[in-house]
Amino acid sequence: MSDADSSVARERVIESMEQSAEVYGLSRSAGRIYGVLYFASDPLSIPELVDQTGYAKSTVSNVTRTLSRLGLIHRRSSTGGGRRVRFEAEREIWFILQDVFQQYVQREVQTTLRTIRRAEEQVAADTREEERVHNLRETYEDLEEIVHLVSEYSAAELREALATYER
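Please read these numbers as outputs of a predicted model, since none were measured by experiment.

A. How the structure looks around the packing of helix H2 (residues 28–39) against helix H4 (residues 57–70). Interhelical geometry of H2 versus H4 gives an angle of 80° and a closest axis separation of 10 Å. One finds that H2 runs roughly perpendicular with respect to H4. Where H2 abuts H4, its residues Ser29, Ala30, Ile33 and Tyr34 lie against Thr59, Val60, Val63, Thr64 and Leu67. Here the contact of H2 with H4 is composed, by residue class, of six nonpolar, three polar and no charged.

Here it is as structure tokens:
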């Protein structure tokens, strides 16, 4: 594969990260900055990120602050004791996904499950609504268990458990 092909492939992945960022409630610029840092061979400073993304310094500064707070990127000191702060991406994607599951998905599932349980107490017995609410509760309880497993185990541990189960 040529350098040009690699560059095109890299850009496609970064564009996908921009779209994913929006799904998780972040800006497209957060996805691009994370992607640039993910593929960088060394930590990058804010001026270097400005050069590579074309974003204003204020945008890069705000986004790096947000991404740092979320644990998606990490601040690194400059080599040789310089004052310039550099950033690098958290490359353990599973860690990031587990955090998202714990912070957002688990909370949403638990909130919905509480509402379903309250509704289950209020619907009339032996009705179509009772059956539907009951089925929905069971589905959300399964989802709650899946989210718990995803949050607790590494990807390798989950793969191993699924492989054992499939046998």
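Back to the write-up after that little detour.
B. Representation of H4 in the model. Helix length check: H4, at 14 residues, gives a terminal C-alpha distance of 20 Å against a target of 20 Å (1.5 Å per residue), a fit within 8%. Those residues of H4 hidden inside the fold are in contact with H2, helix H3 (46–53), strand E2 (73–77) and strand E3 (85–89). Remark: glycine 71 follows H4 within two positions and exhibits a positive phi of approximately 80°.

C. Region of the structure containing the sheet that holds E2. The strand order E1-E3-E2 describes an open sheet built from three strands, whose pairing is antiparallel. The open sheet has two edge strands with one neighbour each: strand E1 (44–45) and E2. In terms of strand pairing, E2 meets E3 through five bridges, oriented antiparallel. Across the sheet, arginine 76 pairs through a bridge with arginine 86, a residue of E3. Packed onto the sheet, H4 meets E2 and E3 and runs at close to 105° relative to E2.

D. Region of interest: the packing of H2 against H3. Orientation of H2 relative to H3, taken along the N-to-C sense of each, is 105°, at an axis distance of 11 Å. When the axes of H2 and H3 are compared, the pair comes out roughly perpendicular. Contact with H2, carried on its side by Arg32, Ile33, Val36 and Leu37, involves Leu49, Gln52 and Thr53 of H3 and no other residues of that element. The residue makeup of the contact of H2 with H3, split by class, is four nonpolar, two polar and one charged.

E. Focus on the pattern of salt bridges. Going through the model one piece at a time under the given rule, you end up with nine salt bridges. Across the pair glutamate 18 and arginine 32 runs a salt bridge, and its minimum N-O distance is 2.8 Å. Of the two residues, glutamate 18 is situated in helix H1 (residues 3–23) and arginine 32 in helix H2; the sequence distance between them amounts to 14 residues. One exposure class covers both glutamate 18 and arginine 32, and it is buried. The partner of glutamate 48 in a salt bridge is arginine 86, and the shortest N-O contact between them spans 2.6 Å. One end of the pair, glutamate 48, is in helix H3; the other, arginine 86, is in strand E3, and 38 residues separate them in sequence. Of the residues examined, arginine 86 reaches a relative accessible area of 22% and is grouped as partly exposed.

Conventions we followed
- Residues numbered from 1 in each chain as written.
- Predicted model: local features only at pLDDT ≥ 70, side-chain atom pairs only at ≥ 80, totals over all residues.
- Heavy atoms only, no water.
- Axes fitted to C-alpha atoms, helices over the stretch in contact; angles between N-to-C directions.
- Helix = DSSP H or I, 4+ residues; strand = E, 2+ residues; numbered from the N terminus.
- Parallel < 35°, antiparallel > 145°, perpendicular 65-115°, else oblique.
- Contact = heavy atoms within 4.5 Å.
- Nonpolar A, V, L, I, M, F, W, Y, C, P; charged D, E, K, R; others polar.
- Expected span 1.5 Å × (residues − 1).
- Pairing = 2+ DSSP bridges.
- Salt bridge = Lys/Arg side-chain N within 4 Å of Asp/Glu carboxyl O.
- Buried < 20%, exposed > 50% of the residue type's maximum accessible area, 1.4 Å probe, protein only.

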